[in-house]
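Take a look at the letters that make up each chain.
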Amino acid sequence: MNILLWHVHGSWTTSFVQGKHRYLIPVNEARDEWGRGRARTFDWPDSVEELPLDQIRDADIAIVQRPEEIDLVPPSLPVIYVEHNTPKGDVPNTRHPLADRDDVVIAHVTHFNDLFWDCGGTRTTVIEHGIVEPKARWTGELDRLAIVTNEPIRRGRVTGTDLFGRFAAVAPLDVFGMGVAGLASERITAYDDPPQHTMHEQLAQRRAYLHLCRWTSLGLSLIEAMQLGMPVLALATTEAIAAVPPDAGVLATRVDTLVEAAQWLIDEPEEARRMGERARRTSLARYGLDRFLADWDDLLKEHTCGSR
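Structure report, in brief. (Residues numbered from 1 in each chain as written. Predicted model: local features only at pLDDT ≥ 70, side-chain atom pairs only at ≥ 80, totals over all residues. Heavy atoms only, no water.)

## Describing the sheet that holds strand 8 (residues 142–148)
Backbone-to-backbone hydrogen bonds pair the strands of a sheet. The strands run either parallel or antiparallel. Across the sheet, 6 strands lie side by side as 10-9-8-11-12-13; this open sheet has parallel pairing. Here the strands that pair on one side only, and so sit at the sheet edges, are strand 10 (188–192) and strand 13 (249–252). Adjacent strand axes in the sheet meet at a mean angle of 20 degrees when their direction is disregarded. The pairing of strand 8 with strand 11 (residues 206–211) spans 3 bridges and is parallel. Residue pairing for strand 11: L142 is matched across the bridge by R206. (Pairing = 2+ DSSP bridges. Helix = DSSP H or I, 4+ residues; strand = E, 2+ residues; numbered from the N terminus. Axes fitted to C-alpha atoms, helices over the stretch in contact; angles between N-to-C directions.)

Following this line, the structure appears as structure tokens:
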């Protein structure tokens, strides 16, 4: 199958393009948000081809991830909309921008998103994340804590940026992602947009992983950290409560509980190892790549055949 797909969410797309199809990615001279082409910090297979949008003529289906992409899809091409994000605005009454349409399927990445978005009469489904298993493995020899996040300064309370200092008081904090350079301080080290494999190697050396997002869809970096074998300290919000089972980490809405747990894992590396092993086992079972690709193949086949 030939699939038209914009390069929007690099981590999710990295998993999606591991399938058996041909993936057609728009590219433009500026390589901006509407034409990034192939990824430069993720490993993508040769089945991913970058072409100017006006040269993509043989697609069988379009996967869109932003409402604005709908108008760019060639007429009569079946469309599946991937909803990565939690709703904003008058939650839980936020209407989805593609609500009440009969020409698109909305594929949510979490059941939490499906529950909270008001999609009206538009057909919805849920395909949970699946990731390429990281090669690195947790060692945890560094008495440091790690976070992966994008644009934490701009997003502020959404990503829990205001909480970083409370954990940095327990142990030095390393923050990886895009737009993190401005966080650098005596107790916080920023690693701005490193290649994915380098980030995984660095994460695996840190004692524990922090997931401090107040309101967000389930971050793939959390799943990656768990598959590395890292213990998780997370706010008990959105889908995190389903992704992190007991004995794989500590979840709470009381921040002091998580700060205390961070100190505990810094002081007790063997407990961190035990929790990380549980995190890895459960994450591999729930968020494996084979299940993810099989679920998508079923939806692609159904929606393509049903639209013709």
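Back to the text.
## Topic: the pattern of salt bridges
By the definition in use, this model includes 25 salt bridges. A salt bridge links E49 to R22; the nearest nitrogen and oxygen atoms lie 2.9 Å apart. Residue E49 is located in strand 3 (residues 48–51), and its partner R22 is located in strand 2 (residues 22–26); the two are separated by 27 residues in the primary sequence. You can call E49 partly exposed: its relative accessible area is 29%. For D58, the salt bridge identified is with R22, shortest N-O distance 2.8 Å. In this pair, D58 is assigned in the loop between strand 3 and strand 4 (61–64) and R22 in strand 2, connecting sequence segments 36 residues apart. (Salt bridge = Lys/Arg side-chain N within 4 Å of Asp/Glu carboxyl O. Buried < 20%, exposed > 50% of the residue type's maximum accessible area, 1.4 Å probe, protein only.)

## A word on helix 8 (residues 255–267)
Its 13 residues give helix 8 an end-to-end C-alpha distance of 19 Å, which sits within 8% of 18 Å, the value for a rise of 1.5 Å per residue. Every buried residue belonging to helix 8 is among V255, L258, V259, A261, A262, L265 and I266, and all of these are buried. The buried residues of helix 8 occupy an angular sector of 160 degrees when projected down its axis, which confines them to one face. Tucked inside the fold, the buried residues of helix 8 contact strand 8, helix 4 (164–168), strand 11, strand 12 (232–235), strand 13 and helix 9 (269–286). (Expected span 1.5 Å × (residues − 1). Arc of directions from axis to C-beta. Contact = heavy atoms within 4.5 Å.)

## Digging into the side chain of R207
Along the chain, R207 falls in strand 11. There is a polar contact of 2.9 Å between the side chain of R207 and the backbone oxygen of G140. Here the side chain of R207 touches L265 through a polar contact of 3.1 Å, landing on its backbone oxygen. Leaving out residues up to four positions away in the same chain, R207 has contacts with W138, G140, E141, L142, D143, R144, P231, L265, I266, D267, P269 and A272. (Polar contact = N/O pair within 3.5 Å; in protein donor to acceptor, adjacent residues only side chain to side chain.)

## Overview of the packing of aromatic side chains
Each aromatic ring pair is characterised by the separation of its centres together with the angle its planes make. For the structure shown, the criterion picks out 9 aromatic pairs. When the ring of W12 is compared with that of F292, the centres are 6.2 Å apart and the planes differ by 90 degrees; the resulting orientation is edge-to-face. Residue W12 is found in helix 1 (residues 10–16), and its partner F292 is found in helix 10 (residues 289–306); the two are separated by 280 residues along the sequence. The exposure class of W12 is buried, given its relative accessible area of 2%. (Phe/Tyr/Trp six-rings, centres within 6.5 Å; stacked < 30°, edge-to-face > 60°.)

## Thoughts on the side chain of T216
Structurally, the position occupied by T216 is in the loop between strand 11 and helix 6 (220–228). Setting aside anything within four residues of it in sequence, one finds T216 in contact with T86, R155 and T238.

## Quick notes on the sheet that holds strand 1 (residues 2–5)
Strand order in the open sheet formed by 7 strands is 3-2-1-4-5-6-7, with parallel pairing between adjacent strands. Each end of this open sheet is capped by a strand with a single partner; those strands are strand 3 and strand 7 (123–126). Ignoring which end each strand starts from, the neighbouring axes of this sheet average 25 degrees apart. As defined by bridge partners, strand 6 (residues 105–108) adjoins strand 7 across 4 bridges and the pair is classed as parallel. Across the sheet, V105 pairs through a bridge with R123, a residue of strand 7.

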